[in-house]
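Observations on the model geometry
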Amino acid sequence: AQSVTQLGSHVSVSEGALVLLRCNYSSSVPPYLFWYVQYPNQGLQLLLKYTSAATLVKGINGFEAEFKKSETSFHLTKPSAHMSDAAEYFCAVSGSSNTGKLIFGQGTTLQVKP
Amino acid sequence: ETGVTQSPTHLIKTRGQQVTLRCSSQSGHNTVSWYQQALGQGPQFIFQYYREEENGRGNFPPRFSGLQFPNYSSELNVNALELDDSALYLCASSLYSGLQYEQYFGPGTRLTVT
């Protein structure tokens, strides 16, 4: 069985500060891991994905995430927050099954203060 | 390249009624997945269609059903609507490469059941 836990339902940072959104996963098979962003009243946009290549994954909009197998973590970071980063962020896991079914965490709302 | 589109954007139904939601896949994608996102929650996998056949199903009752057409567009049908069916319904299309999926989400349909 697979699951994802996002630590912290709300994260607030100042503009220009480091963004750190935490994600821990559980998977009985080598996982594929994803971060998606959702802006109000919109669908999900893929930020980045880990597919067993490099453990440090760079995505769009300056975000990156590091896969740490020993910690079963895939935390999302951005060195300097921008006001436009305010949104809901979802971590998701997919096993190596043939469906590509995504299991999402509960989401973390990122607030960016001026 | 046209992205994933969904219709309608919003709709309101009464408990007990039936509803059909539609999704047009991204050009060239042969797989479509449907997710239900309740307010304040992460999306939950409903089912997936690959080349017009159901290819995996989440923990949803049979009154949730779907279709995929030869042009890879898709429908989600929900019978005997319940109040808890109120949610954002997301469609995601992807291309199965034999290795992994990368899912592209549409903007969603907001269903309200009264």
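Residues numbered from 1 in each chain as written. Chains lettered and ligands numbered in written order. Predicted model: local features only at pLDDT ≥ 70, side-chain atom pairs only at ≥ 80, totals over all residues. Heavy atoms only, no water.

**Observations regarding the overall build of chain B**
- Helix and strand counts for chain B come out as 0 helices and 11 strands.
- Of the regular secondary structure in chain B, the N- to C-terminal order runs β-β-β-β-β-β-β-β-β-β-β.
- For a compact globule of 114 residues, the expected C-alpha radius of gyration is about 13 Å, and chain B comes in at 13 Å, within 12% of that figure.
- Burial status across chain B gives 51% buried among its 114 residues.
- Taking as baseline every contact in chain B between residues at least 6 positions apart, the subset at least 24 positions apart corresponds to 54%.
- A total of about 5,400 Å² of accessible surface is found on chain B, and carbon and sulfur atoms cover 48% of it. (Helix = DSSP H or I, 4+ residues; strand = E, 2+ residues; numbered from the N terminus. Rg over C-alpha atoms; globule rule 2.2 N^0.38 Å. Buried < 20%, exposed > 50% of the residue type's maximum accessible area, 1.4 Å probe, protein only. Contact = heavy atoms within 4.5 Å. Areas by Shrake-Rupley, 256 points an atom, 1.4 Å probe, with all protein chains shown as cover.)

**Some points on the nonpolar core**
- Ranked by internal contacts, the top residues of the largest apolar core, which has 26 residues, are Trp35, Leu48, Phe74, Leu76 and Tyr89 of chain A.
- With near-sequence residues (within four places) excluded, Tyr89 of chain A lies in contact with Gln6, Leu21, Trp35, Tyr36, Val37, Leu47, Phe63, Leu76, Gly107, Thr108 and Leu110 of chain A.
- Of all hydrophobic cores here, the second largest spans 20 residues; its members include Val32, Trp34, Phe64 and Leu111 of chain B. (Core = buried A, V, L, I, M, F, W, Y, C linked by side-chain atoms within 4.5 Å.)

**Some details on the interface of chain A and chain B**
- At the junction of the two partners, chain A supplies 19 residues and chain B supplies 21 residues.
- Of the roughly 1,600 Å² buried between chain A and chain B, counting both surfaces, carbon and sulfur atoms make up 51%.
- Put simply, chain A and chain B have 0 salt bridges between them.
- Connecting chain A to chain B are 4 residue pairs in polar contact (both at pLDDT 80 or more).
- Elements represented by at least two residues in the side of chain A that touches chain B include exactly β4 (32-38) and β5 (44-50) of chain A.
- A breakdown of the residues in the side of chain A that touches chain B according to their chemical character gives 8 nonpolar, 9 polar and 2 charged. (Buried area = accessible area lost by both parts, 1.4 Å probe. Salt bridge = Lys/Arg side-chain N within 4 Å of Asp/Glu carboxyl O. Polar contact = N/O pair within 3.5 Å; in protein donor to acceptor, adjacent residues only side chain to side chain. Nonpolar A, V, L, I, M, F, W, Y, C, P; charged D, E, K, R; others polar.)

**Thoughts on the sheet that holds strand β8 (residues 74-78) of chain B**
All names here are of chain B.
- With antiparallel pairing, 4 strands are arranged side by side in an open sheet as β1-β3-β8-β7. Sheet topology places β1 (5-7) and β7 (64-68) at the edges, where each strand pairs with a single neighbour. Averaged over all pairs of adjacent strands, the angle between their axes in this sheet comes to 20°, without regard to strand direction.
- Where strand β3 (residues 19-24) lies against β8, 5 bridges are found, and the strand directions are antiparallel. What sits directly across from Cys23, in β8, is Ser74. (Pairing = 2+ DSSP bridges. Axes fitted to C-alpha atoms, helices over the stretch in contact; angles between N-to-C directions.)

**A look at the side chain of Gln6 of chain B**
Residues and elements named next belong to chain B.
- Relative to the assigned elements, Gln6 resides in strand β1.
- Taking the relative accessible area as the measure of exposure, Gln6 reaches 9% and is therefore buried.
- Of the polar contacts made by the side chain of Gln6, one reaches the backbone nitrogen of Gly108; its length is 2.9 Å.
- With residues up to four places along the chain from it excluded, the contact list for Gln6 reads Arg22, Cys23, Trp34, Tyr89, Leu90, Cys91, Gly106, Pro107, Gly108 and Thr109.

**Digging into the pairing of β3 of chain B**
- Relative to β3 of chain B, β1 of chain B is paired through 3 bridges, and the arrangement is antiparallel. The residue bridging Ser7 of chain B from the neighbouring strand is Arg22 of chain B, located in β3 of chain B.

**Let's talk about unusual backbone geometry**
- For the peptide bond that leads from Ser7 of chain B to Pro8 of chain B, omega is -10°, which places it in the cis range.
- Position of Pro8 of chain B among the secondary structure elements: in the loop between β1 and β2 (10-13).
- Phi is positive for Asn41 of chain A, which is not a glycine, with a value near 60°.
- Within the secondary structure, Asn41 of chain A sits in the loop between β4 and β5.
- Asn41 of chain A gets classed as exposed once you look at its relative accessible area, which sits at 74%.
- You will see that Tyr72 of chain B, though not glycine, has its phi angle at about 75°, which is positive.
- Take Tyr72 of chain B: it is sitting in the loop between β7 and β8.

**Regarding the environment of Tyr101 of chain B**
- With respect to the element layout, Tyr101 of chain B can be found in the loop between β9 (87-94) and β10 (104-105).
- Taking the C-alpha atoms as reference, Tyr101 of chain B lies 9.1 Å from Thr31 of chain B; in sequence the two are 70 residues apart.

Spatial relationships are all this shows, so hold off on functional conclusions.
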